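Below, each chain spelled out in residue letters.
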Amino acid sequence: MSSVDEALAGYLTRSDDELYAEIGAQLLKEGRGLGPSDDDRQRKFGKDWFTNQLGRLRRVVCAHQAVSVFVGAPTGDRTAEALAIFEALANENDLPVSRYILAVLLARLGLQQFCAVDEDDED
């Protein structure tokens, strides 16, 4: 198993709320919170940031060749989808958070549904 596979596998075992809190901690340049209120603040901040980035992420991810395979013929294999998404995000050097986390969250949305959204419907 490669280090990318291992990292993705680690994040796949965590809940969405834990991943949103990690995004929040990374964006706020803080460690994981010491108490529930810190975690709640980080989770909300991370989820809001992720939601606001969906259009940008959709443009990058859904246009990538490795991802298009899953959009055209979904397999239900979240690990393989997350790996393809991670590959699609590889050249996005200005992402301030872990590509592993983004790949897992996007895979959980389901690529077929995520990539089928008309960007005009997002506004």
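Residues numbered from 1 in each chain as written. Predicted model: local features only at pLDDT ≥ 70, side-chain atom pairs only at ≥ 80, totals over all residues. Heavy atoms only, no water.

(A) Geometry of the overall build of the chain. Tallying secondary structure elements over the chain gives seven helices and zero strands in all. The helix and strand sequence of the chain, counted from the amino end, reads α-α-α-α-α-α-α. Here the chain holds 123 residues, and 36% of them are scored as buried. Put simply, the chain shows about 6700 Å² of open surface, and 49% of that area lies on carbon and sulfur atoms. (Helix = DSSP H or I, 4+ residues; strand = E, 2+ residues; numbered from the N terminus. Buried < 20%, exposed > 50% of the residue type's maximum accessible area, 1.4 Å probe, protein only. Areas by Shrake-Rupley, 256 points an atom, 1.4 Å probe, with all protein chains shown as cover.)

(B) Spatial organisation of the environment of leucine 89. Looking at where leucine 89 falls in the secondary structure, it is placed in the loop between α5 (78-88) and α6 (99-109). In this structure leucine 89 comes out as buried when scored by relative accessible area, which is 0%. The sequence separation of leucine 89 and valine 61 amounts to 28 residues, and the corresponding C-alpha distance is 6.8 Å. Those residues within four positions of leucine 89 in sequence are excluded, and the remaining contacts are Leu57, Val60, Val61, Leu95, Arg99, Leu102 and Ala103. (Contact = heavy atoms within 4.5 Å.)

(C) Looking closely at the environment of valine 71. Turning to its location among the elements, valine 71 is positioned in helix α4 (residues 65-72). For valine 71 and cysteine 115, which are 44 residues apart along the polypeptide, the C-alpha to C-alpha distance reads 7.1 Å. Each residue touching valine 71, except ones within four places of it in the same chain, is listed here: Leu111, Gln112 and Cys115.

Shape descriptors only; they carry no functional weight alone.
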